[in-house]
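The primary structure of each chain is shown beneath.
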Amino acid sequence: MEITYIETVHSGWAKFMVATVRVADARTFRREIEDHGAAACVLPYNAERRTAVLVRQFRVPVYYAAREPHTLEAIAGIVNEADPADTARREAREEAGLELDDLAPIARGWTMPGISTERMSLFLATYRGRPREERGGVDEDEDITAVELGLSELARRADAGELVDIKTLVLVQTLRLRRPELFEP
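What this report covers is the structure whose coordinates are included nearby. (Residues numbered from 1 in each chain as written. Predicted model: local features only at pLDDT ≥ 70, side-chain atom pairs only at ≥ 80, totals over all residues. Heavy atoms only, no water.)

1. Here's the deal with the packing of aromatic side chains
Stage number 1. Evaluated as defined, the whole model comprises one aromatic pair.
Stage number 2. Ring centres of Phe-58 and Tyr-63 lie 5.6 Å apart, and the angle between their planes is 45°; this geometry places the pair in the tilted category.
Stage number 3. Overall, the relative accessible area of 36% leaves Tyr-63 in the partly exposed class.
Stage number 4. The ring of Tyr-63 carries Arg-67 above its face, with NZ or CZ at 5.2 Å from the centroid.
Stage number 5. Taking the ring centre of Phe-183 as reference, the NZ or CZ of Arg-176 above it sits at 5.9 Å. (Phe/Tyr/Trp six-rings, centres within 6.5 Å; stacked < 30°, edge-to-face > 60°. Buried < 20%, exposed > 50% of the residue type's maximum accessible area, 1.4 Å probe, protein only. Lys NZ or Arg CZ within 6 Å of the ring centre and 35° of its normal.)

This is the structure:
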């Protein structure tokens, strides 16, 4: 297979393209591509208090698809810096008012390889202090509230299928595997 033509149909916060693909017998088909760059995501946790900080925010696609007004998810953002770890630190400051201590890389992978070029770097990080109480975010469409939850509550939500954001689920389960003692009641 090879891509023979790419047409940009929209360029804004994200770029949307249509690719023409030719297969070995010369047949062609078209596929849509969404491109907005690389991303980084971090789950900040406090081992002493056995808590983690997530953010609650309005997500237009989630509202459109499921009429759910908000998501509860790990802190994430588009990589503007050269190092995704720097993005994770910046987003934690902007969205939750947190300064991260140790930042541990977990994985880097495609979020939706069938449609998106987004490649996300996932991190776990420790934090001290408390998240900000007022709303966070710096972009015009951000209305973000930091939420500090007990790790045992996060485990309960994961087990009940209540963590609907996949990147958050991956990070919570990774932390459970690496530090199971933090999730004990």
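2. Quick look at the pattern of salt bridges
Stage number 1. Considering all chains together, one arrives at 16 salt bridges under this definition.
Stage number 2. Glu-73 is paired through a salt bridge with Lys-167; the nearest N and O atoms lie 3.0 Å apart. With Glu-73 in strand β6 (residues 71-73) and Lys-167 in helix α4 (residues 166-178), this residue pair connects regions lying 94 residues apart in the sequence.
Stage number 3. For Lys-167, a relative accessible area of 16% puts it in the buried group. (Salt bridge = Lys/Arg side-chain N within 4 Å of Asp/Glu carboxyl O. Helix = DSSP H or I, 4+ residues; strand = E, 2+ residues; numbered from the N terminus.)

3. Details of unusual backbone geometry
Stage number 1. Of note, Arg-50 is a non-glycine position whose phi angle comes to about 55°, a positive value.
Stage number 2. Mapped onto the elements of the fold, Arg-50 is located in the loop between β4 (39-46) and β5 (51-57).
Stage number 3. Look at Arg-67: it is not a glycine, yet its phi comes out positive at around 55°.
Stage number 4. Summarising the element assignment, Arg-67 is placed in the loop between α1 (60-66) and β6.
Stage number 5. Residue classification places Arg-67 among the exposed positions, given a relative accessible area of 54%.

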